[in-house]
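Letter by letter, the chains look like this.
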Amino acid sequence: MSHNTGWAPHPGQPMPQWGGGHVPPPAPKPGVIPLQPLTVGDVLGGAFSTFRRYWKALLGVALAVQGAGLLLVVLAIGITIALVHDRLSAVLDPGPGERAAAEDVVALVLAFAPAVVLLVVALTVGAAMISALGPAVIQEAVLGRPTTFGAMWRRCWSRLPSVLGTVVLAGLIAAAPMLLVPAVGVPLVILSADGSGPPVGLFVLLLGVLACLPVSVWLATRLSLAPAAAVCEGPGPVAALRRSSQLAEDGWWRVFGITMLGHFVAMAVGYAIQIPFTLVGMVAFLPAMMEMDAGGADADPSVAIAGLAVYLVCMVLGGLLSGLFQFTFPPLVLALLYVDLRIRKEDLAPSLLAAAATTAPDRTAPTASGDPDDPPSPT
């Protein structure tokens, strides 16, 4: 069921004309971006401002998603290990001069297959939730309205089926050209290996990758705005993919370039976040190792164990905080690109300004669409 989010397509409104050499007034900025066509600096600056203002909701939802997925996978692996403990021991510790039985290996593979499937499902659902989180927060950020963890969780959860459909379908569509490469190239490589086939099999495989990779990148970029469309406008997966393709049609290079820049910025900032934790861990661990090397047999191993524990804790904390930023920042950039294209192509700015001027709604009262987390429709 689609939601009336107030961001649905609408007829363009005429922009005021400024003549006589007068400088137009600056664009209104009720939230993190000015309500005008955005520059690269506006997009990246708006994403940073959104992360800074709404970090509690962003990190809260991201942590909840990752924690729930990790818990499910750990439980599945733990239950599997408990059920096949005997076979696991027989495979990992077969005894002197013995080899693991083939039936034990096959049984272990089959036993762990459900856990692997659960891991893939958890990763896919988690990616869909994070993809929905970016535009859900941006909806509030561009209007300058506060939000909470609970509101963002309910908003993302309500749009999860549609966003999950866009993530899966976009992934399959973008990967389709690359899947054709091994289907054709691998048999040629196998035939050419024993001399019964053409020796150019490997060359054909590499040439296919070089030819199909740009097509996959083009498709992925063209469909990258679908999660934002699914959250902000409320369509189903197929309609959201069409909407993304329509918005990115005349600005593919802009979407691709700013998206890649957003990912590079996220990686750089994530690396910068992790560096202090790594340094603290090394400061705690290296002196302990030096003491162990100098002390020989009289050295206390507990010192090295404590240093290693501090190092591991620092690495885990640094990786967690770094990963949270790297996961949540690119969806914010994509959501702002979606807003930018709506402003450029559909003159969304007056509607956003009207919505920002209204009184903040009661988040506990349902709107006309029946969803308490939907923003009011602009007049």
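Residues numbered from 1 in each chain as written. Predicted model: local features only at pLDDT ≥ 70, side-chain atom pairs only at ≥ 80, totals over all residues. Heavy atoms only, no water.

### A few points about the packing of helix α8 (residues 226-233) against helix α9 (residues 237-247)
Part 1 of the reasoning: The interhelical angle for the contact between α8 and α9, taken along N-to-C directions, is 115°, at an axis separation of 8 Å. Considering how the two elements wind past one another, α8 and α9 form a crossing that is right-handed. Where α8 abuts α9, its residues Ala 226, Ala 229, Ala 230 and Glu 233 lie against Ala 240, Leu 241, Arg 243 and Ser 244.
Part 2 of the reasoning: For the contact of α8 with α9, a count of residues per class yields five nonpolar, one polar and two charged. (Axes fitted to C-alpha atoms, helices over the stretch in contact; angles between N-to-C directions. Helix = DSSP H or I, 4+ residues; strand = E, 2+ residues; numbered from the N terminus. Left-handed = near helix turned anticlockwise from the far one by under 90°. Contact = heavy atoms within 4.5 Å. Nonpolar A, V, L, I, M, F, W, Y, C, P; charged D, E, K, R; others polar.)

### Some thoughts on the packing of helix α2 (residues 55-83) against helix α5 (residues 149-158)
A pair of packed helices can be characterised by two numbers: the angle between their axes and the separation between those axes.
Part 1 of the reasoning: Look at α2 against α5: their axes get within 9 Å of each other, and the N-to-C directions meet at 55°. In terms of their interaxial angle, α2 and α5 are classed as oblique. At the point where α2 passes α5, the crossing takes the right-handed sense. Where α2 abuts α5, its residues Ala 57, Gly 60, Val 61, Ala 64 and Val 65 lie against Phe 149, Met 152 and Trp 153.
Part 2 of the reasoning: Of the residues in the contact of α2 with α5, the class split is seven nonpolar, one polar and no charged. (Parallel < 35°, antiparallel > 145°, perpendicular 65-115°, else oblique.)

### A short note on α8
Part 1 of the reasoning: Taken across its eight residues, α8 has eight buried, putting it largely inside the fold.
Part 2 of the reasoning: Restricting attention to buried positions, one finds in α8 the residues Ala 226, Pro 227, Ala 228, Ala 229, Ala 230, Val 231, Cys 232 and Glu 233.
Part 3 of the reasoning: Positive phi appears at Gly 234, one or two residues downstream of α8, with a value of about 80°. (Buried < 20%, exposed > 50% of the residue type's maximum accessible area, 1.4 Å probe, protein only.)

### Brief notes about the nonpolar core
As a rule of thumb, soluble globular proteins bury nonpolar side chains together.
Part 1 of the reasoning: One finds Leu 133, Leu 225, Phe 329, Val 333 and Tyr 338 to be the most contacted residues of the largest nonpolar core, which totals 64 residues.
Part 2 of the reasoning: Per-element tally for this core: the top contributor is helix α11 (residues 301-346), with 13 residues. (Core = buried A, V, L, I, M, F, W, Y, C linked by side-chain atoms within 4.5 Å.)

### Observations regarding a nonpolar patch on the surface
Part 1 of the reasoning: A cluster of nonpolar residues, Val 168, Leu 169, Leu 172, Ile 173 and Val 238, forms a patch on the protein surface that exposes about 380 Å² of accessible area.
Part 2 of the reasoning: By residue number, the principal contributor to the nonpolar patch is helix α6 (residues 160-193), which donates four residues.
Part 3 of the reasoning: Residue placement: Val 168 occurs in helix α6. (Patch = residues over 30% accessible without salt bridge, like charges linked within 9 Å, V, L, I, M, F, W, Y side chains within 5 Å. Areas by Shrake-Rupley, 256 points an atom, 1.4 Å probe, with all protein chains shown as cover. Salt bridge = Lys/Arg side-chain N within 4 Å of Asp/Glu carboxyl O.)

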